[in-house]
Amino acid sequence: MAKPRRIVLKMSGEALASSASDETIDFAVVDRMAGEIAEARSDLNLELAIMVGGGNIWRGTTGVGAGMDRATSDTMGMLGTVINALALQDALEHSGQPTRVLTAVAMPEAAEPYIRRRAIRHLEKNRIVVFAAGMGNPYFTTDTSAALRAAEIEAELLCKGTHGGVDGVYSADPKVDPDATRFEEITFMEVVNKDLRVMDLTAITFCKDNGLPIQVFDLMKPGNLRRALAGEPIGTLVR
Ligand code: UDP
């Protein structure tokens, strides 16, 4: 694909945690990630916004499983993403990359409110924008929020970084089925019809309806992020 100019990167909260320790946020991991992001953004000269998840802190479904009210539990999840966004901002700025956190749940002491035109203005000024609190509504995920924001700011590509060791979209779960093969490219409809796990269905159908391609790749492997942001064939392209 042509080199994209404006990209939304979706990274899960767990990408900031540590497999080696019990840390909710491991600063060695965050620093390495931030360094890679900052370098790739400036070398490739692109406009980059990041939607960060909160699964390392709280997931709505965890509370629901314990009998909590869904909306309350989801709100806790959204607040978790704000913590991650601030950690990422700190690390990106230590890497010399000006960064703004825009939150969908208003908390002016912590971050700017999400305003679409403001997000675009920051990007035009070569600041990285970190979207916090998803889209601000319960019953949604940060995957769907990433797709929504990407459409709103007219991004050309949504990069979905994985962290669990699966480097793209497979015909079956590669951790269970040794015959599973990775698709280099796949259509939205195939993902839906084959019930392949890429992002949640709401995010996939939203991207389909809005013609927004998704590049799925392994975020944790050094060098991969840069290749994905450059629009190189890596992992699986869904379009
Ligand atoms: N969440 C929500 N609305 C949003 C985005 C997130 O309610 O617009 C909540 C939801 O409970 C979710 C949690 O925030 O489980 C953390 O986000 P997510 O699970 O997407 O994080 P990730 O798995 O990417 O780390």
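Above this text you will find the structure in question.
So, a few notes on the structure that sits alongside this text. (Residues numbered from 1 in each chain as written. Predicted model: local features only at pLDDT ≥ 70, side-chain atom pairs only at ≥ 80, totals over all residues. Heavy atoms only, no water.)

Remarks on the overall build of the protein
Consideration 1: Counting its secondary structure elements, the protein contains eight helices and 11 strands.
Consideration 2: Relative to the globule expectation of 18 Å for 239 residues, the C-alpha radius of gyration of the protein, 17 Å, shows essentially globular dimensions.
Consideration 3: Dimensions of the protein, computed from the C-alpha atoms along their principal axes, are close to 50 × 50 × 40 Å.
Consideration 4: Counted over contacts in the protein with a minimum sequence separation of 6, partners at least 24 positions apart contribute 71%.
Consideration 5: For the protein, the computed accessible surface area is about 10900 Å², with 50% contributed by carbon and sulfur atoms.
Consideration 6: The average position of the 26 basic charges and that of the 32 acidic charges among the side chains of the protein differ by 6 Å. (Helix = DSSP H or I, 4+ residues; strand = E, 2+ residues; numbered from the N terminus. Rg over C-alpha atoms; globule rule 2.2 N^0.38 Å. Contact = heavy atoms within 4.5 Å. Areas by Shrake-Rupley, 256 points an atom, 1.4 Å probe, with all protein chains shown as cover. Lys, Arg positive; Asp, Glu negative; His and termini not counted. Charge placed at Lys NZ, Arg CZ, Asp CG, Glu CD.)

Some thoughts on the sheet that holds strand S11 (residues 236-238)
Consideration 1: Read from one edge of the open sheet, nine strands run S4-S3-S5-S2-S1-S6-S10-S11-S9, paired in mixed fashion. Taken across any chain shown, the strands that pair with only one partner, and hence form the sheet edges, are strand S4 (112-113) and strand S9 (185-186).
Consideration 2: One ladder, built from five bridges, connects strand S6 (residues 157-162) with strand S10 (residues 214-218); its direction is parallel. Looking at S10, one finds that Leu158 is bridged to Ile214. (Pairing = 2+ DSSP bridges.)

Details of the site of the ligand
Consideration 1: Taken together, 22 residues are adjacent to the ligand, and Lys10, Arg59, Asp74, Asn137 and Thr142 come closest.
Consideration 2: Between Ser12 and the ligand, the recorded distance is 3.4 Å, taken from a side-chain N or O atom to an oxygen atom.
Consideration 3: Ser145 places a polar side-chain atom, nitrogen or oxygen, 3.1 Å from an oxygen atom of the ligand.
Consideration 4: Notes on the ligand: free accessible area 530 Å², of which the protein chains cover 92%.
Consideration 5: Counting residues per element, the ones that place at least two in the shell around the ligand are helix H3 (70-94) and helix H5 (142-152).
Consideration 6: Top element by residues in the shell around the ligand is H3. It accounts for three residues. (Near = heavy atom within 4 Å. Polar contact = N/O pair within 3.5 Å; in protein donor to acceptor, adjacent residues only side chain to side chain.)

Examining the packing of aromatic side chains
Consideration 1: Across all of its chains, the model carries one aromatic pair by this definition.
Consideration 2: A ring pair is formed by Tyr114 and Phe131, whose centres lie 5.7 Å apart and whose planes are at 75°; its orientation type is edge-to-face. Remark: Phe131 occurs in strand S5 (residues 128-132) and Tyr114 occurs in the loop between S4 and helix H4 (116-124); sequence separation between them is 17 residues.
Consideration 3: Residue Phe131 is classed as buried on the basis of its relative accessible area, which comes to 0%.
Consideration 4: Against the face of Tyr114 rests Arg149, its NZ or CZ located 3.6 Å from the ring centre.
Consideration 5: Here the basic side chain of Arg149 rests over the ring of Phe131, its NZ or CZ set 6.0 Å away from the ring centre. (Phe/Tyr/Trp six-rings, centres within 6.5 Å; stacked < 30°, edge-to-face > 60°. Buried < 20%, exposed > 50% of the residue type's maximum accessible area, 1.4 Å probe, protein only. Lys NZ or Arg CZ within 6 Å of the ring centre and 35° of its normal.)

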